[in-house]
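# Coordinate analysis (summary)
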Amino acid sequence: MRVFISIDMEGVAGVATLDQAVRGGTGYVHAQRLMTAEADAAIRGAFDAGADEVVVNDSHGSMDNLLHAELDPRAQVVTGSPKPLAMMQGITEGDAVALLVGYHAAAGEQGVLAHSFSGAFREIRVNGAPVGELEVNALHAAALGVPVGLVTGDDLVCAAAAKALPGVLTVPVKRAAGFHAATSTHPSVAAERIRSAARDAVAGHAGLECPPVPDDMRVEIEFTTPLACDYAMYVPEARRLGGLGLVREVGSTEDLIRLISACLHLSANATRDTAAVVARR
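My aim in this report is to walk through the structure given alongside it, one point at a time. (Residues numbered from 1 in each chain as written. Predicted model: local features only at pLDDT ≥ 70, side-chain atom pairs only at ≥ 80, totals over all residues. Heavy atoms only, no water.)

With that settled, consider the packing of aromatic side chains. This model, assessed by the stated rule, comprises one aromatic pair. Ring geometry for phenylalanine 121 against phenylalanine 223: centres 5.5 Å apart, planes inclined by 75°, an arrangement best described as edge-to-face. A residue pair is termed long-range when its members are at least 10 positions apart, and phenylalanine 121 in strand β5 (residues 121-126) and phenylalanine 223 in strand β10 (residues 217-223) qualify at 102 residues. Among the residues examined, phenylalanine 121 registers a relative accessible area of 3% and is labelled buried. (Phe/Tyr/Trp six-rings, centres within 6.5 Å; stacked < 30°, edge-to-face > 60°. Helix = DSSP H or I, 4+ residues; strand = E, 2+ residues; numbered from the N terminus. Buried < 20%, exposed > 50% of the residue type's maximum accessible area, 1.4 Å probe, protein only.)

This is the structure we're talking about:
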């Protein structure tokens, strides 16, 4: 039995600020250890339930945050970026269940460090419905026939998961008090709860269902600046949707992830170019 884990950082217990979540911040190194401990808890929970193989994908930022030497040595770790399937790199059709650890609410929603893949995106919609990393990644898992059995993060992303994913277990490790503020459980308590829930999710995977996956998806991405949208228009078959929006149709969840990733990297160029001009003044 193979289990896939995607681990982000913003939803980890004890993490609440950009200083912690962005490499170079004074709190980042501590946040790395907190993230690693939650990944390890999920890994051990999966093995407790009888998993033969566990693959964990480092899914935060540059995707090279996990301290491998502090993880259960039985696990395989997917690290580095860019990856073709970003936060879902490493999942396969034969996986029994997916566990999404350290996740956060979508852009435009309340929640600790809420965003959708990039701070350059104001909103992402699929067939008219707003989606974040949780929904997009769960949709890709569903396309492979892999149910999501566990979601951890703040109370708001856990509420979103319970609404979107039938039978999913959630572990809210903190309560959002603002974009940069949270009331958090102790890291050791969070790790204990995550390990227990991961064990239960893997043990009960046969009773989980995947949400329906549409055959065709109209993807709308709204950017925070017109320049970011200008750059994104280099994506083939993309059309402009007002001053800040892009729209494109895709026929698979893999193409959905690739479109979002392409727009992420193109919009990052706009951010860098703008910062370079401002720095000259």
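That covers the picture; the talk isn't over yet.
Within the structure shown, the criterion is met by 19 salt bridges. With a shortest N-O distance of 3.1 Å, arginine 44 and aspartate 72 are connected by a salt bridge. Pair noted here: arginine 44 is in helix α2 (residues 28-48) and aspartate 72 is in the loop between β2 (53-58) and β3 (76-78), with a separation of 28 residues, a long-range link. We classify arginine 44 as partly exposed; its relative accessible area is 27%. Arginine 248 is the partner of glutamate 237 in a salt bridge, and the nearest nitrogen-oxygen pair spans 3.7 Å. Remark: arginine 248 occurs in strand β12 (residues 245-250) and glutamate 237 occurs in the loop between α6 (226-232) and β11 (239-241); sequence separation between them is eleven residues. Note on glutamate 237: relative accessible area 62%, which makes it exposed. (Salt bridge = Lys/Arg side-chain N within 4 Å of Asp/Glu carboxyl O.)

Further remarks concern the pairing of strand β4 (residues 97-103). Two faces make up the sheet, and in a regular strand the side chains alternate between them. Among the seven residues in β4, seven count as buried, and that is most of the element. Relative to strand β7 (residues 148-154), β4 runs parallel, the two sharing four bridges. Looking at β7, one finds that leucine 99 is bridged to leucine 150. (Pairing = 2+ DSSP bridges.)

Time to look at the environment of alanine 182. Within the secondary structure, alanine 182 sits in strand β9 (residues 181-184). Of the residues examined, alanine 182 reaches a relative accessible area of 29% and is grouped as partly exposed. Sequence separation between alanine 182 and cysteine 158 is 24 residues, and the spatial gap between their C-alpha atoms is 14 Å. Among all residues touching alanine 182, those that are not within four sequence positions of it are Ala16, Val112, Lys174, Arg175 and Ala177. (Contact = heavy atoms within 4.5 Å.)

Right, let's talk about the layout of surface pockets for a bit. Rolled over the atoms, a probe sized like a water molecule indicates the empty space that remains. Here the largest pocket defines a volume of roughly 960 Å³. Elements represented by at least two residues in the lining of the largest pocket include exactly α1 (18-21) and α7 (253-280). With nine residues, α7 is the largest single contributor of residues to the lining of the largest pocket. The class makeup of the residues in the lining of the largest pocket is 19 nonpolar, 14 polar and six charged. Of the volumes computed, that of the second largest pocket is approximately 660 Å³. (1 Å grid on protein atoms, 1.4 Å probe; cavity = no way out; pocket = protein on both sides within 12 Å on 5 of 7 lines; lining within 4 Å. Points joined across faces, edges and corners; volume = space filled by probe spheres on them. Nonpolar A, V, L, I, M, F, W, Y, C, P; charged D, E, K, R; others polar.)

A few words on the nonpolar core. Formed by 47 residues in total, the largest nonpolar core has its most connected members in Val148, Ile221, Phe223, Leu256 and Cys263. The biggest single contributor to this core is α7, with seven residues. In this structure, Ile7, Ala13, Ala21 and Leu66 belong to the second largest nonpolar core, which totals 41 residues. (Core = buried A, V, L, I, M, F, W, Y, C linked by side-chain atoms within 4.5 Å.)

Quick look at a nonpolar patch on the surface now. A cluster of nonpolar side chains, contributed by Leu18, Val22 and Phe179, occupies part of the molecular surface with about 260 Å² of accessible area. On the accessibility criterion, leucine 18 (41% relative accessible area) is partly exposed. (Patch = residues over 30% accessible without salt bridge, like charges linked within 9 Å, V, L, I, M, F, W, Y side chains within 5 Å. Areas by Shrake-Rupley, 256 points an atom, 1.4 Å probe, with all protein chains shown as cover.)

In short, shape yes, function no, at least from these values alone.
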